[in-house]
Amino acid sequence: MTEHIKTELDAGVLSVSLNRADKKNAITQAMYAALAEATERAKADDQVRVILFRGEGADFCAGNDIMDFLSISQTSGDLVEMGVFRFLKALADLDKPAVAAVRGRAVGIGLTLLLHCDMVVVGEEALLSAPFINLALAPEAASTLLLPAIVGHARAYEIFALGEAIDGRTALNWGLANRAVADDQVDAIALDLARKLALRAPNSIRQTKALMRDTAAIWDLMQREAKVFGSQMRSPEAIEAFMAFTEKRPPDFSKAG
């Protein structure tokens, strides 16, 4: 397991921490593989009652590592075979409670991961965004189904199409979070909620989650999104967006058809 993902099991709560604070916890393919392994463990290990996702440092997750993406865009492999989709499949299959503790930036997968969590605690000043279209990509993690189901079509479309961030208070008001608290309280409150869930009847809580989710439909949509995402990732407009990002300039889509 990569050093950039830390896990700790205590009192039934498996804490999974993104540990790349110097890069705002941007996720590489190696990190996705480790996240998949941890999530698969959460499902299979009877000692794990709850999984808690959190980030070290000031930010929860800055999304995908752009340089990592640039290298992937030059390959011809199927995205579904890559670490990111192993992680997404593990999220779709997870039948135990998932909790998230979100401070600072939650970008791309940093937001869409929350749609698979059963309880979310955000900092009031946290900034959540899904700027896939800003990078000429498409949404993932079954977010095209799950986000509109939570916040409504109009708000979901705005989040996707404009890529602008919403703060923690708005996330709470729109139903994306259970609690919006001071940043320095996020981890403690999320851990407290996770520990409370860990004390509940485990079979009952798993059956309840199963009734609230259509796992097969979620995974089917993830795979359809992957095909669009993969096509876009290798498109000229995405390469322009990636290069603009690395060169710290606005992308020029004026010639895109």
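The rules behind these values
- Residues numbered from 1 in each chain as written.
- Predicted model: local features only at pLDDT ≥ 70, side-chain atom pairs only at ≥ 80, totals over all residues.
- Heavy atoms only, no water.
- Helix = DSSP H or I, 4+ residues; strand = E, 2+ residues; numbered from the N terminus.
- Rg over C-alpha atoms; globule rule 2.2 N^0.38 Å.
- Buried < 20%, exposed > 50% of the residue type's maximum accessible area, 1.4 Å probe, protein only.
- Contact = heavy atoms within 4.5 Å.
- Pairing = 2+ DSSP bridges.
- Axes fitted to C-alpha atoms, helices over the stretch in contact; angles between N-to-C directions.
- Phe/Tyr/Trp six-rings, centres within 6.5 Å; stacked < 30°, edge-to-face > 60°.
- Lys NZ or Arg CZ within 6 Å of the ring centre and 35° of its normal.

Caption draft 1: Fine view of the overall build of the protein. The number of helices and strands found in the protein is 11 helices and nine strands. The C-alpha atoms of the protein give 17 Å as radius of gyration, which agrees with the globular expectation for 257 residues (18 Å, within 12%). Projected onto the principal axes, the alpha-carbon positions of the protein cover approximately 55 × 35 × 35 Å. Counting only residues that meet the buried cut, the protein has 51% of its 257 residues in that class. In the protein, the proportion of contacts linking residues at least 24 apart, taken out of those at least 6 apart, comes to 74%.

Caption draft 2: Examining the sheet that holds strand 9 (residues 179–181) more closely. The sheet built from six strands is open, its strands ordered 1-2-3-4-6-9 with mixed pairing. Edge positions in the sheet fall to strand 1 (5–10) and strand 9, since each of these pairs with one other strand and no more. Averaged over all pairs of adjacent strands, the angle between their axes in this sheet comes to 15°, without regard to strand direction. Across six bridges, the pairing between strand 2 (residues 13–18) and strand 3 (residues 50–55) is parallel. Residue pairing in the sheet places Leu18 in a bridge with Gly55 of strand 3.

Caption draft 3: The sheet that holds strand 7 (residues 127–129), seen in detail. Taking strand neighbours across the sheet as the criterion, the three strands line up as 5-7-8 in an open arrangement whose pairing is mixed. With partners counted over all chains shown, the strands left at the sheet margins are strand 5 (105–107) and strand 8 (166–167), one partner each. Across two bridges, strand 7 lies against strand 8 in antiparallel orientation. Directly across from Leu128, in strand 8, lies its bridge partner Ile166.

Caption draft 4: Focus on the packing of aromatic side chains. With the rule as written, the count across this model stands at two aromatic pairs. Consider the rings of Tyr32 and Phe87, whose centres lie 6.2 Å apart with planes at 40°: the pair is tilted. Residue Tyr32 is found in helix 1 (residues 29–44), and its partner Phe87 is found in helix 3 (residues 83–93); the two are separated by 55 residues along the sequence. A relative accessible area of 1% places Phe87 in the buried class. Taken together through their ring pairs, the aromatic side chains of Tyr32, Phe53 and Phe87 make up a single cluster. Lys89 extends its terminal NZ or CZ atom over the ring of Trp219, reaching a point 5.5 Å from the ring centre.

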